[in-house]
Amino acid sequence: MELSDLAIFQAVLQEGGITAAARRLHRVQSNITTRIKQLEDSLGVALFERDGRGVRPTAAAQVLAGYSERLLALADEARSAVASDTPRGSLRLGAMENTAAVRLPPLLAQFHQRYPQVQLELRTGPTASLVTAVLAGELDCALVCGPVSDPRLESQPFCHETLLLISALGAQVGPEHGPQTLLAFDHGCAYRQRLERWLQESGCVVSRLVELDSYHAMISCAASGMGIALVPEALLAQTPAASHVARHPLPPHLAAAATVFIRRKGVRMPAIDAFASALATLRQ
């Protein structure tokens, strides 16, 4: 199984067909077909089902997809590591939505100007999915809610957020004011877990849960009286709807949230090292 075969396999999978993959890789279709057949023979399984309309990935192809992506990424990492100490190539960075919106823009602009040979790719998501992606090699590094104690990862502090409960102006929040509608991200969100801890500790009852996928929607819904939400104070300050919500402080052990930079332990790439150094400088 050659890395070049895996690259061709990924192209066919991503492009959805032999013709499109050949065009992307600047190869003739027959060469693509032959290389896919050789890969199938070496693995002993069919990777694509062929019909008159093109090709469809088999279950085996879906399994191979994750491994091939990681192998190709690892090969790129190895090439970068031995080629030069100069940061170059792709840097796949993950970040929580609020971190990407509030903390990263000036840093990314400076990093891009200083290291033009680094191609930044930014993915936002909740802490749990970002940690999983870093461990799987789908991301090189990420900014997540800490602490992160997985022994396969190393982390460094970046910043601290102050979390607030918000509601509509004039709304009463607390167990003595009856059940509340909760506005939150999905279960992978570390801030949602803090909100659930507050509910448990305060005795506040939830009558309904509404899952949203953006802070702007969450804040706007809270302002309209739909329910309560937990948001970072720094993000709220940048939101036009901030003046239309009431702010309710949390206990200190729930309000203070650390943001940390994580990477796989022992992995050294110039681009990751440079970004880690930029974070440390910004924090000083």
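As the structure is a computational prediction, the values presented were derived from the model and not from experiment. (Residues numbered from 1 in each chain as written. Predicted model: local features only at pLDDT ≥ 70, side-chain atom pairs only at ≥ 80, totals over all residues. Heavy atoms only, no water.)

So, the pairing of strand 9 (residues 228–232)
Put simply, the rule is: Relative accessible area decides the class of each residue, using a 1.4 Å probe on protein chains only: under 20% of the type maximum gives buried, over 50% gives exposed, and in between gives partly exposed. Helix and strand assignments follow DSSP, with helices taken as H or I runs no shorter than four residues and strands as E runs no shorter than two, numbered in order from the N terminus. Two strands are said to pair when DSSP picks up at least two bridges between them.
Counted residue by residue, strand 9 has five buried out of five residues, so it is predominantly covered. As paired strands, strand 7 (residues 180–184) and strand 9 are joined by two bridges and run parallel to one another. In the sheet register, Leu182 faces strand 9, and the bridge partner there is Ile228.

With respect to the pattern of salt bridges
So the rule is basically this: Counted as salt bridges are all cases of a side-chain nitrogen of Lys or Arg within 4 Å of a carboxyl oxygen of Asp or Glu.
Counted by the stated rule, this structure contains 13 salt bridges. With its nearest N and O atoms 2.9 Å apart, the salt bridge here joins Lys37 to Asp41. With a gap of four residues between them, Lys37 and Asp41 both fall in helix 3 (residues 29–43), about one helical turn apart. For Glu49, the salt bridge identified is with Arg56, shortest N-O distance 3.1 Å.

Observations regarding empty space enclosed by the protein
This is how it is decided: Within this scheme a cavity is a closed region of a 1 Å grid, computed over the protein atoms alone, that accommodates a 1.4 Å probe without allowing it to escape, whereas a pocket is open but has protein on both sides within 12 Å along at least five of seven lines; lining residues each have an atom within 4 Å of a point. Grid points are joined across faces, edges and corners, and a volume is the space filled by probe spheres set on the points. Here the term charged refers only to Asp, Glu, Lys and Arg, the term nonpolar to Ala, Val, Leu, Ile, Met, Phe, Trp, Tyr, Cys and Pro, and the term polar to all other amino acids, Gly among them.
Taken as a whole and judged by the stated rule, the model has one cavity of 30 Å³ or more. Along the walls of the largest cavity sit Leu183, Ala184, Phe185, Cys189, Tyr191, Arg192, Leu195, Tyr215, Met218 and Leu230, which together make up its complete lining. Of all the elements in the fold, those that place two or more residues in the lining of the largest cavity are strand 7, helix 7 (190–202) and helix 8 (215–223). For the lining of the largest cavity, the element with the most residues is helix 7, which contributes three residues. A breakdown of the residues in the lining of the largest cavity according to their chemical character gives nine nonpolar, no polar and one charged.

Observations regarding the nonpolar core
Formally: The nonpolar core is taken to be a set of buried Ala, Val, Leu, Ile, Met, Phe, Trp, Tyr and Cys residues, with the residues joined through side-chain atoms within 4.5 Å. Contacts are assigned to residue pairs that have any heavy atoms within 4.5 Å of one another.
Judged by nonpolar contacts, the single largest core of 48 residues is most densely connected at Tyr191 and Trp198. In this structure, Tyr191 is in contact with Met96, Asn98, Cys145, Glu161, Leu163, Tyr215, Leu230, Pro232, Ala257 and Thr259, ignoring residues within four places of it in sequence. Counting residues in each nonpolar core, the second largest holds 24 residues, with Cys159, Phe261, Ala271 and Ala276 among its members.

Description of the packing of aromatic side chains
Note the following rule: Centre distance within 6.5 Å is the pairing criterion for rings of Phe, Tyr and Trp, where only the six-membered ring of Trp is used; planes under 30 degrees apart are then read as stacked, over 60 as edge-to-face, and the remainder as tilted.
Within this structure, the stated rule accounts for five aromatic pairs. Judged by centre distance (4.9 Å) and plane angle (50 degrees), the rings of Phe111 and Tyr115 are tilted. Judged by its relative accessible area of 3%, Phe111 falls in the buried class. Assessed through its relative accessible area of 16%, Tyr115 is described here as buried. Judged by centre distance (4.8 Å) and plane angle (85 degrees), the rings of Phe185 and Tyr215 are edge-to-face. Here Phe185, found in the loop between strand 7 and helix 7, pairs with Tyr215, found in helix 8; they are 30 residues apart in sequence, far enough to count as distant. The residues Phe185 and Tyr215 share a single accessibility class, namely buried.

Overview of a nonpolar patch on the surface
To be explicit about the condition: Residues enter a patch when their relative accessible area is above 30% and they make no salt bridge; the linking distance is 9 Å between like charges and 5 Å between nonpolar side chains (Val, Leu, Ile, Met, Phe, Trp, Tyr). For the accessible areas, the method is Shrake-Rupley and the probe is 1.4 Å, while residue cover comes only from the protein chains on display.
On the surface, Met1, Leu3, Leu43, Val45, Val63, Tyr67 and Leu71 cluster together into a nonpolar patch covering about 630 Å² of accessible area. The element that contributes the greatest number of residues to the nonpolar patch is helix 4 (residues 59–83), accounting for three residues. Structurally, the position occupied by Leu43 is in helix 3. Given the relative accessible area of 34%, Leu43 is considered partly exposed.

A closer look at the side chain of His248
Of note, His248 is situated in strand 10 (residues 245–249). Leave out the neighbours within four places in its chain, and His248 touches Leu164, Leu165, Ile166, Ser167, Ala171 and Val173.

Considering the layout of surface pockets
Looking at the largest pocket, its volume works out to about 500 Å³. Around the largest pocket, the lining is made up of 18 residues, and of these Glu69, Leu72, Ala73, Asp76 and Arg92 lie nearest the centre. Contributions of two or more residues to the lining of the largest pocket are made by helix 1 (3–15), helix 4, strand 3 (89–95) and strand 4 (118–124). Among the elements that take part in the lining of the largest pocket, helix 4 stands out by supplying six residues, more than any other. When the residues that make up the lining of the largest pocket are grouped by side-chain class, the tally is four nonpolar, five polar and nine charged.

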